[in-house]
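# Structural description and commentary
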Amino acid sequence: MVADERSALIDVLKRSQSADGSWRFPFETGISTDAYMIILLRTLGIHDEPLIQALVERIESRQEANGAWKLFADEGDGNVTATVEAYYALLYSGYRKKTDSHMQKAKMRILEMGGLERVHLFTKVMLALTGQYPWPRRFPLPLAFFLLPPSFPLNMYDLSVYGRANIVPLLVAAERRYSRRTAKSPDLSDLVVPRNDWRLPESRSLWSYIKRSLIGLPNQLHHAAEQRAVRYMFDHIEPDGTLYSYFSSTFLLIFALLALGYPADDLHIVRAVRGLRSLRTEIDGHTHMQYTTASVWNTALASYALQEAGVPLTDRTIEKANRYLLSRQHIRYGDWSVHNPHSLPGGWGFSDVNTMNPDVDDTTAALRAIRRTAAKETAFRHAWDRANQWLFSMQNDDGGFAAFEKNVGKRFWRYLPIEGAEFLLMDPSTADLTGRTLEYFGTFVGLTKDHPAVARAVDWLLDHQEADGSWYGRWGIYYVYGTWAAVTGLSAVGVPADHPAMQKAVHWLLSIQNADGGWGESCKSDGAKTYVTLGASTPVHTAWALDALIAAAERPTAEMKAGFRTLFRLLHHPNWTASYPVGQGMAGAFYIHYHGYRYIFPLLALAHYEQKFGPFVD
């Protein structure tokens, strides 16, 4: 039975590979980017009607019966931010009117949920940029902050790279209080419940710190800060014209340049719009604007999973995939080198167009995929050596591993009055990154818990286990993901199954197993700061839990077999849980449906079961 399931998953993955060797599964993130694309095109006077009409259709296809839009299926009665974004975009498209029945329902839900004042900070920024909402008098973080050199105790490089990519252009536009309305701009004033509430109390101490730290007249400081911001943005534009290959930062880049007086037909703006257009994909017959592409991540995971399932290196699928990965290894220095100045480039990024923003997770994923090839071919061996050197150099001083940079997790940012600051501005050590890196070190490099770097990472994980035995995963949903990463990582470096931390983790996983034998976690877990059940099993959560149990077990168990039976059922008879988000970019605002996960992680769980226990016997 397992052999049949494995063969079916292998076949699906092989058939979905692109001609260049990559896997281009959609990176799906709801309707926000679709809405922003309509708003951007209309604001710039770009009349791409086929694209706008296609995006209108997708946005409307996601509307709930009560008129609202949601970020995930079990969110409740709707999400005010998503609903405002959808409503605004549909009106701005010109293809829908306020008098349409579904638009009237949307407006009613927006008002019931608190109006424009209750949307996310970044949506308020978009509304201000397009003339629908007043700018606040002052942001908590002044643009002059970016003039502080890296030697200062607090400076721009203490922000996460994702935070810098978005905050720099945002502040350029905000400090000029820029807004741009057009003849097609709808009027959203009837969505305002009078409060003008940005929820941005002034951080006088930070402003005072900036003023004390920088010498010069205010006008000179402002001009110098703007020039520094422009240089930063231009230095980080990718070959496709996007800023860091992210939709949000590129959207903000365009408005920052407009605020500085660049014309709409400036080459940087034209290339940025072209780059955003290239993010278009098709999902179930609808057009979706991806936030970024996930081709490197998808390809690394798929190649590794296929090899774990027995597909040989000589198979054309693996050869093409690994050649693609080799071509995407970074040779360019990025912001990561500010806190890690003594390492050469060598990591991999998430997007196929990314050239300077490698991350630990993509790097270990790519290294898993090319490990066997590196033992046979010189070019891959050189890539392997460079990547491993970079990876070891990225360990934080606390022993853990973060996503993009080293030692960029100052707790100060938690207290800055910016909504989502913990996710936007920080890049601390996390259980999922630390666990996955340990799993790589143990399984593919042959290191054990006695190695000094590994021992420090193990200590970090053990110190950050939750009281119930789980771990929180920053980049997945949430506690099941983090626990899977931690358990498989600890097991790979030799932490025994009878270790108290491993026993607590196994007990926790079994305690949350659904009655049908599977696992499923709600996106609500993050807001609750504890595990919240989805009330149904998903194929991906089930595969993660099974893989963790396999790693921590000496023999097959009844709970594993029940889990596999549910997994097989979900693979053969997919339901709404197949598209439930299993990744997050920013909790409460940005969730990801990885289309390839439902094939890749079940295949890995099946392969690891057979490797450890032999053929599955029900």
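Refer to the structure presented above.
Report on the accompanying structure. (Residues numbered from 1 in each chain as written. Predicted model: local features only at pLDDT ≥ 70, side-chain atom pairs only at ≥ 80, totals over all residues. Heavy atoms only, no water.)

To continue, consider the overall build of the protein. Per the secondary structure count, the protein includes 25 helices and five strands. Taking 618 residues into account, the globule formula puts the C-alpha radius of gyration at 25 Å, and the protein, at 24 Å, falls close to it. Counting only C-alpha atoms, the protein reaches 65 × 60 × 45 Å along its principal axes. Here the protein holds 618 residues, and 63% of them are scored as buried. The contacts of the protein with a sequence gap of at least 6 include a subset with a gap of at least 24, amounting to 74%. Accessible area of the protein: about 22,600 Å², with a carbon and sulfur share of 53%. Charge centroids of the protein, computed over 63 positive and 64 negative side chains, lie 4 Å from each other. (Helix = DSSP H or I, 4+ residues; strand = E, 2+ residues; numbered from the N terminus. Rg over C-alpha atoms; globule rule 2.2 N^0.38 Å. Buried < 20%, exposed > 50% of the residue type's maximum accessible area, 1.4 Å probe, protein only. Contact = heavy atoms within 4.5 Å. Areas by Shrake-Rupley, 256 points an atom, 1.4 Å probe, with all protein chains shown as cover. Lys, Arg positive; Asp, Glu negative; His and termini not counted. Charge placed at Lys NZ, Arg CZ, Asp CG, Glu CD.)

Scanning the entire structure with this criterion turns up 40 aromatic pairs. A ring pair is formed by W544 and F601, whose centres lie 5.7 Å apart and whose planes are at 70°; its orientation type is edge-to-face. With W544 in helix α23 (residues 539–552) and F601 in helix α25 (residues 597–613), this pair connects stretches of sequence that are 57 residues apart. In this structure W544 comes out as buried when scored by relative accessible area, which is 0%. Each residue in the set F27, W297, F350, Y481, W484, W544, Y594, Y597 and F601 is aromatic and connected to the rest through ring pairs, giving one cluster. Above the plane of the ring of W475 lies R474, whose end atom (NZ or CZ) is 3.8 Å from the centre. (Phe/Tyr/Trp six-rings, centres within 6.5 Å; stacked < 30°, edge-to-face > 60°. Lys NZ or Arg CZ within 6 Å of the ring centre and 35° of its normal.)

Ranked by size, the top nonpolar core spans 207 residues in total, and within it F146 and F564 carry the most contacts. In this view, F564 contacts L546, I550, A605, L606, Y609 and F616; residues no more than four positions away in its chain are not counted. (Core = buried A, V, L, I, M, F, W, Y, C linked by side-chain atoms within 4.5 Å.)

It is at 10 Å that the axes of helix α4 (residues 80–93) and helix α5 (residues 101–112) come closest, and there the two elements cross at 145°. The way α4 lies across α5 gives a crossing that is left-handed. Across the interface between the two elements, V80, T83, V84, Y87, L90 and L91 of α4 pack against M103, A106, K107 and I110 of α5. A class-by-class count of the residues in the contact of α4 with α5 yields eight nonpolar, one polar and one charged. (Axes fitted to C-alpha atoms, helices over the stretch in contact; angles between N-to-C directions. Left-handed = near helix turned anticlockwise from the far one by under 90°. Nonpolar A, V, L, I, M, F, W, Y, C, P; charged D, E, K, R; others polar.)

In total, this model carries 25 salt bridges according to the counting rule given. For K107, the salt bridge goes to D190, with nearest N and O atoms at 2.9 Å. Of this pair, K107 sits in helix α5 while D190 sits in the loop between α7 (161–175) and α8 (204–213), and the two are 83 residues apart along the sequence. Given a relative accessible area of 25%, K107 falls into the partly exposed group. E282 is the salt-bridge partner of R280, the closest N and O atoms lying 3.5 Å from each other. (Salt bridge = Lys/Arg side-chain N within 4 Å of Asp/Glu carboxyl O.)

The next point concerns the sheet that holds strand β4 (residues 583–586). Taken in spatial order, the three strands line up as β1-β5-β4 in an open sheet, and their pairing is antiparallel. Here the strands that pair on one side only, and so sit at the sheet edges, are β1 (27–28) and β4. Here three bridges tie β4 to strand β5 (residues 590–594), and the two strands are oriented antiparallel to one another. Looking across to β5, one finds that M586 is bridged to F590. (Pairing = 2+ DSSP bridges.)

Next up on the list: helix α21 (residues 500–511). With 12 residues, α21 ought to run about 16 Å at 1.5 Å a step, and its terminal C-alpha atoms sit 16 Å apart, in line with that. Of the positions making up α21, those classed as buried are A501, M502, A505, V506, W508 and L509. Down the axis of α21, the smallest arc covering the buried residues is 160°, so these residues share one side. Along α21, the residues that are exposed and aim more than 90 degrees away from the buried face are P500 and H507. Next to the buried residues of α21 lie α19 (452–463), α20 (479–492) and α23. (Expected span 1.5 Å × (residues − 1). Arc of directions from axis to C-beta.)

Along the chain, the position of Q513 falls in the loop between α21 and α22 (525–528). Of note is the side chain of Q513, whose polar atom sits 2.8 Å from the backbone oxygen of G517. With near-sequence residues (within four places) excluded, Q513 lies in contact with G518, W519, E559, A562 and G563. (Polar contact = N/O pair within 3.5 Å; in protein donor to acceptor, adjacent residues only side chain to side chain.)

This part covers the packing of α21 against α23. Angle between the axes and distance between the axes: these two values describe a pair of packed helices. Running from N to C, α21 and α23 cross one another at 145°; their axes reach a closest spacing of 10 Å. Crossing handedness for the pair α21 and α23: left-handed. Of the residues in α23, those touching α21 at M502, V506, L509 and L510 are A545, A548, L549 and A552. Broken down by class, the residue content of the contact of α21 with α23 amounts to eight nonpolar, no polar and no charged.

Turning to the pairing of strand β3 (residues 286–289), a few remarks are in order. The pairing of strand β2 (residues 280–283) with β3 spans four bridges and is antiparallel. Within the sheet, the bridge partner assigned to T281 lies in β3 and is H288. Counting the residues in the hairpin turn of β2 and β3 gives two residues, including D284, whose phi is positive at 50°.

Let us look at unusual backbone geometry. With a phi angle near 50°, R177 is a residue other than glycine that sits in the positive phi range. Its relative accessible area of 42% is what places R177 among the partly exposed residues. Backbone geometry at S245 places phi at a positive 70°, although glycine is not the residue there.

A separate point is the environment of G494. Topologically, G494 is positioned in the loop between α20 and α21. Residues G494 and Q389, spaced 105 residues apart in sequence, show a C-alpha to C-alpha distance of 22 Å.

Moving on to the environment of P150. Along the chain, P150 falls in the loop between α6 (121–129) and α7. Since its relative accessible area comes to 47%, P150 is described here as partly exposed. Each C-alpha atom, one on P150 and one on V338, is 7.9 Å from the other, the two residues being 188 residues apart in sequence. In this structure, P150 is in contact with N155, Y157 and V338, ignoring residues within four places of it in sequence.

By themselves these figures say nothing about function.
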